[in-house]
Amino acid sequence: MPLLAVSEPAPVYRGTAHDALFGLCLDGQQGVAVGGAGLVLETADGGLSWTEMPAFANTALLDVSCGSGPNLIVSQGGAIFRANDGSYQAVDSGTDARLLAVDSNSSGLAYAVGAFGTILRSDDGGLTWEPVPMDWEAILNDFVEPHLYDVQVDEAGVVTLVGEFELVVRSPDGGATWETAHKGEASLFGLSLTADGSGFAVGQEGKIIRTSDGGVTWSEVESPTGGILLNVWSSAQGEVLISGIRNMLHSSDGGSTWNLIEGGDLNTGWYQGLVVVDDDSASSTTALLAGHQGSIIKLEMN
């Protein structure tokens, strides 16, 4: 498998051996990373430097959303924290289930998902939340409630969820109706959909699936690895970057071929948080990754 021509992964921030970062978001020059034991890092220079913020929770913070509304953070114990005047305030989620992902759009529509089929919806930018019922027995033909690992809410109000049993469940109308777009065997941990309708989901055993119609239909992509893939970013131009446990993959042709990125601790550690810096004037693509030991690294992809 050819190696991608990238710079050596450059460490940007390093925590302790016991730290972990699970979620990462960037909005222009402002960004947030969240992790275990209430760890929160912030950047004001596009991810070049990070500062640890005073803790406002002692539980694991598992994902963060920023950019289209107030920053939202979800946690191990079901707590949701909402940014307000430079600080984070807890809002009533109505659940103590582990919340694994959160996303919102500029209209104030937000979704949080997590353990045992938990789906929460907010119509006011995360101030208030209500549970979203789902007939999992009908969807899976079994008496199980699948863990849901990622969610994306686009500006048109299309909501897409991924999780156990290779589930992709989507709503084209903000949650009024739902449809099952895909099922299988592996768990899906990461999701990326672009405005042109292309996208990917990744997960266990090197699973990679692809869509070209906004998530309505999906097809399996031949994967170069059997490892665990945790997150994915993709562009309308066919660039795809996938992070995981001892795996980092890149494609420049929409997943037809894959390159292995090596260097630093990419072959020994794990990275779950993944963002790509939005800079059309740059000659290369800059990715930031957050993961084990509270690490944030930077990759320059030419």
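Since the model is a prediction, treat every value here as computed from it, not as a measurement.

Colleague: So what about the pairing of strand E23 (residues 240–244)? Which residues, and what values?
Modeller: Here E23 lies mainly inside the structure; 5 of its 5 residues are buried. Neither face of E23 is exposed, since Val240, Ile242 and Gly244 on one face and Leu241 and Ser243 on the opposite face are all buried. The pairing of strand E22 (residues 229–234) with E23 spans 5 bridges and is antiparallel. Each bridged residue has a counterpart across the sheet, and for Leu229 the counterpart in E23 is Gly244. The antiparallel pairing of E22 with E23 creates a hairpin that spans 5 residues between the two strands, and Gly238 there sits at a positive phi of about 95°. Note: E23 against strand E24 (residues 248–251), 4 bridges, orientation antiparallel.

Colleague: Lay out the nonpolar core in plain terms, naming residues and giving numbers.
Modeller: As a rule of thumb, soluble globular proteins bury nonpolar side chains together. Within the largest apolar cluster, 17 residues are counted, with the highest numbers of intra-cluster contacts made by Tyr111, Val113, Ile119, Trp136, Val151, Val159 and Leu161. Among the secondary structure elements, those contributing two or more residues to this core are strand E11 (110–114), helix H1 (136–140), strand E14 (148–153) and strand E15 (159–163). Setting aside residues no more than four positions away along its own chain, Val113 makes contact with Leu99, Leu100, Ala101, Thr118, Ile119, Leu148, Tyr149, Asp150, Val151 and Leu161.

Colleague: Can you lay out the environment of Asn259 for me, pointing to particular residues and giving the numbers?
Modeller: Note that Asn259 resides in strand E25 (residues 259–260). For the pair formed by Asn259 and Pro224, sequence separation is 35 residues and the distance between their alpha carbons is 8.5 Å.

Colleague: How would you explain the pattern of salt bridges if you had to name every residue and give the values?
Modeller: The final tally for this structure, using the stated rule, is 5 salt bridges. Residue Lys207 pairs with Glu166 through a salt bridge whose shortest N-O separation is 3.7 Å. Of the two residues, Lys207 is situated in the loop between strand E19 (199–203) and strand E20 (208–211) and Glu166 in the loop between E15 and strand E16 (168–171); the sequence distance between them amounts to 41 residues. Owing to a relative accessible area of 5%, Glu166 belongs among the buried residues under this scheme.

Colleague: Which residues make up unusual backbone geometry, and what values do they have?
Modeller: Of note, the phi angle at Asn141 is positive, near 55°, even though the residue is not glycine. Within the secondary structure layout, Asn141 lies in the loop between H1 and E14. We classify Asn141 as exposed; its relative accessible area is 71%. The backbone phi angle of Arg246 is positive, close to 60°, even though this residue is not glycine. Counting through the fold element by element, Arg246 comes out in the loop between E23 and E24. We classify Arg246 as partly exposed; its relative accessible area is 48%.

Colleague: Outline the sheet that holds E11, listing residues and values.
Modeller: Taking strand neighbours across the sheet as the criterion, the 4 strands line up as E10-E11-E12-E13 in an open arrangement whose pairing is antiparallel. The open sheet has two free edges, formed respectively by strand E10 (99–104) and strand E13 (130–131), since each of these has just one partner strand. For E11 and strand E12 (residues 119–122), the ladder comprises 4 bridges, and the chain directions are antiparallel. When the sheet's bridge partners are listed, Ala110 is paired in E12 with Ser122.

Colleague: Give me the lowdown on the environment of Leu229, citing residues and values where you can.
Modeller: Residue placement: Leu229 occurs in strand E22. Each C-alpha atom of the pair Leu229 and Thr268 lies 14 Å from the other, and the pair is 39 residues apart in sequence. Among all residues touching Leu229, those that are not within four sequence positions of it are Phe189, Val202, Gly203, Gly206, Lys207, Ile208, Ile242, Ser243, Gly244, Asn247 and Leu249.

Colleague: Mind laying out the packing of aromatic side chains, listing which residues take part and the relevant values?
Modeller: A complete count under the given rule lists 6 aromatic pairs for this structure. For the pair Tyr111 and Trp178, a centre-to-centre distance of 5.9 Å together with 75° between the ring planes defines the contact as edge-to-face. Taken together, the residues Tyr111 in strand E11 and Trp178 in the loop between E16 and strand E17 (179–182) connect sequence positions 67 residues apart. When its relative accessible area of 0% is taken as the criterion, Tyr111 is described as buried.

Colleague: Explain the sheet that holds strand E27 (residues 285–291) to me, using residue names and the numbers behind them.
Modeller: Overall, antiparallel pairing links the 4 strands, which are arranged E1-E28-E27-E26 in an open sheet. Strands with a single pairing partner mark the edges of an open sheet, and in this sheet they are strand E1 (10–13) and strand E26 (271–276). For this sheet, the mean inter-axis angle between neighbouring strands, taken without regard to orientation, is 30°. With 6 bridges connecting them, E27 and strand E28 (residues 296–301) associate as antiparallel partners. Each residue of the ladder has a partner; that of Leu288, found in E28, is Lys298.

Colleague: Now, about the state of the cysteines: what can you tell me, with residues and values included?
Modeller: Think of a disulfide as a covalent bridge from one cysteine sulfur atom to another cysteine sulfur atom. As enumerated under the stated definition, the model contains 1 disulfide in all. The partner cysteine of Cys25 in its disulfide is Cys66, sulfur to sulfur 2.1 Å. Taking the torsion about the S-S bond as the criterion, the Cys25 to Cys66 disulfide, at about 130°, is right-handed. Taken together, the positions of Cys25 in strand E2 (residues 21–27) and Cys66 in the loop between strand E6 (61–65) and strand E7 (72–75) put the pair 41 residues apart, joining distant regions of the chain.

The rules behind these values
Residues numbered from 1 in each chain as written. Predicted model: local features only at pLDDT ≥ 70, side-chain atom pairs only at ≥ 80, totals over all residues. Heavy atoms only, no water. Buried < 20%, exposed > 50% of the residue type's maximum accessible area, 1.4 Å probe, protein only. Helix = DSSP H or I, 4+ residues; strand = E, 2+ residues; numbered from the N terminus. Pairing = 2+ DSSP bridges. Core = buried A, V, L, I, M, F, W, Y, C linked by side-chain atoms within 4.5 Å. Contact = heavy atoms within 4.5 Å. Salt bridge = Lys/Arg side-chain N within 4 Å of Asp/Glu carboxyl O. Phe/Tyr/Trp six-rings, centres within 6.5 Å; stacked < 30°, edge-to-face > 60°. Axes fitted to C-alpha atoms, helices over the stretch in contact; angles between N-to-C directions. Disulfide = S-S within 2.5 Å.

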